[in-house]
Structure formats: C-alpha cells, structure tokens
Amino acid sequence: SWIYPRFVKSIKRYVPVTGVTFEAFIYSTMRFNFREYLSRHARRMETELRERCKAQYYRCMNYERRLDRLERGSAAFGILFKCLTGHRERLLRMRRRLKNMRVEATNQQVARVMGIAKGSVDSGISAFKRKYCANPESNGSKN
C-alpha cells in the first residue's frame, strides 16, 4: 500500500471533521497528488524567485562597485546612481514577494481536489482547530 499505517490512523481520526468520508478523501488524494503539485509548481516558483533575487542582489553590488570608482558629481555617477536606486527597489519588491509566497496548499486547492465547497473546508478546519487545537490537554475528548 502507498499509505503508511500511522498516516491512515491519523486520517481516519481527523477526516470526519471535514464532513468527507475516509474513502472519498483517499480517492481525492490519489486523483490529485499534493506533493507533486507543490514540488512542481509552488516550490519551483519559489526557487526561481530566489535565484532571480540573488542575481538582482549581485547586480546591485556591481553598480555599487562601479559607483565607488566614479566622481560623485559627474553625469555618469548620476545615471548609475539612478539605476542602482531602481535595482534596489526591485530587489526589495522581490524579497517582499518571496517572503509572502505560499508553498503549501490553499483551502481553495483542497476544496477543488476533494470536490467540495471552499466554505466546507474552511468550516472543517475551524471545527478541527476548535476541537483539537484550542485545548491541547483534552486531546479531543469531552469532559
């Protein structure tokens, strides 16, 4: 079997909170492999952006070295300084975008895979958090 026994035990415990049967969840997971999607799309995009970020950083360093060799009041200094400013702003935007990049599956993607409404996923996660995360000592048992 492609599913580990401990994983099956966890799924059987938590899937009912989402309102979907265990079999439907497994079928949906087989139809749409989250790991493959994440590794092929989101992680590749993150890696590409990181590489572009590094290249942009080295461009900025190159401009700074060139500026060090020029006279401060010259026309060439002004042009290079303007270019450096633009490249620094671009680097900041790229870093911000990289910081906010999401590599895990969204609720919308989970809903599409499971064939249910996004609101059902949202409410299932909310119920799960209320039941299992709000009071970790209770571990899901009712007193």
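Our structure's up above, just so we're on the same page.
Cut-offs applied
Residues numbered from 1 in each chain as written. Predicted model: local features only at pLDDT ≥ 70, side-chain atom pairs only at ≥ 80, totals over all residues. Heavy atoms only, no water. Phe/Tyr/Trp six-rings, centres within 6.5 Å; stacked < 30°, edge-to-face > 60°. Buried < 20%, exposed > 50% of the residue type's maximum accessible area, 1.4 Å probe, protein only. Helix = DSSP H or I, 4+ residues; strand = E, 2+ residues; numbered from the N terminus. Patch = residues over 30% accessible without salt bridge, like charges linked within 9 Å, V, L, I, M, F, W, Y side chains within 5 Å. Areas by Shrake-Rupley, 256 points an atom, 1.4 Å probe, with all protein chains shown as cover. Salt bridge = Lys/Arg side-chain N within 4 Å of Asp/Glu carboxyl O. Lys, Arg positive; Asp, Glu negative; His and termini not counted. Charge placed at Lys NZ, Arg CZ, Asp CG, Glu CD. Contact = heavy atoms within 4.5 Å. Core = buried A, V, L, I, M, F, W, Y, C linked by side-chain atoms within 4.5 Å.

J.: Teacher, can you tell me more about the packing of aromatic side chains here?
T.: Aromatic ring pairs are described here by two measures, namely the spacing of the ring centres and the angle between the planes. For the structure shown, the criterion picks out 2 aromatic pairs. Relative to Tyr58, the ring of Tyr57 lies with its centre 5.5 Å away and its plane at 70°, an arrangement referred to as edge-to-face. Residue class for Tyr57 comes out partly exposed when judged on its relative accessible area of 35%. Judged by relative accessible area, which is 56%, Tyr58 ranks as exposed. Arranged with centres 6.2 Å apart and planes meeting at 10°, the rings of Phe77 and Phe81 form a pair that is stacked. Here Phe77 pairs with Phe81, and both are found in helix α4 (residues 75-99), just 4 residues apart, close to one helical turn. Judged by relative accessible area, which is 41%, Phe81 ranks as partly exposed.

J.: Looking at this model, I keep getting lost on a positive patch on the surface. Mind explaining?
T.: On the surface, a cluster of positive charge is contributed by Arg52, Arg59, Arg90, Arg93, Arg96, Arg97 and Lys99. Taken together, the elements giving at least two residues each to the positive patch come down to α3 (34-69) and α4. With 5 residues, the single largest contributor to the positive patch is α4. Accessibility expressed as a relative area gives 68% for Lys99, which makes it exposed.

J.: Help me out: how do you make sense of the side chain of Gln56 in this one?
T.: Among the structural elements, Gln56 can be located in helix α3. For Gln56, a relative accessible area of 0% corresponds to the buried category. If we ignore the near neighbours within four places in the chain, the residues touching Gln56 are His87, Arg90, Leu91 and Met94.

J.: How should the nonpolar core be read in this particular structure?
T.: Within soluble globular proteins, side chains that are nonpolar generally end up buried alongside one another. Membership of the largest hydrophobic core is limited to 11 residues, which are Leu49, Cys53, Cys60, Tyr63, Leu67, Phe77, Leu80, Leu84, Leu91, Met94 and Leu98. At the level of elements, α3 and α4 are the ones that each hand at least two residues to this core. The element best represented in this core is α4, accounting for 6 residues. Ignoring sequence-local partners within four residues, the contact set of Cys60 consists of Leu84, His87, Arg88 and Leu91.

J.: When you look at the environment of Ser120 in this model, what are you seeing that I'm missing?
T.: When you line up the elements, Ser120 lands in helix α6 (residues 118-133). C-alpha of Ser120 to C-alpha of Gly19: the two residues are 101 residues apart in sequence and 7.8 Å apart in space.

J.: Whenever I open this one, the pattern of salt bridges confuses me. Can you help?
T.: When their charged atoms lie close together, side chains carrying opposite charge are able to pair. The tally for this structure, following the rule as stated, stands at 4 salt bridges. The closest approach of N and O atoms between Glu46 and Arg50, which form a salt bridge, is 3.1 Å. Of this pair, Glu46 and Arg50 both sit in helix α3, 4 residues apart, which is roughly one turn of that helix. Arg50 gets classed as partly exposed once you look at its relative accessible area, which sits at 42%. A salt bridge links Glu51 to Lys54; the nearest nitrogen and oxygen atoms lie 3.7 Å apart. Of this pair, Glu51 and Lys54 both sit in helix α3, separated by 3 residues, roughly a single helical turn. What makes Glu51 partly exposed here is its relative accessible area of 45%. Exposure remark for Lys54: the relative accessible area of 46% places this residue in the partly exposed category.

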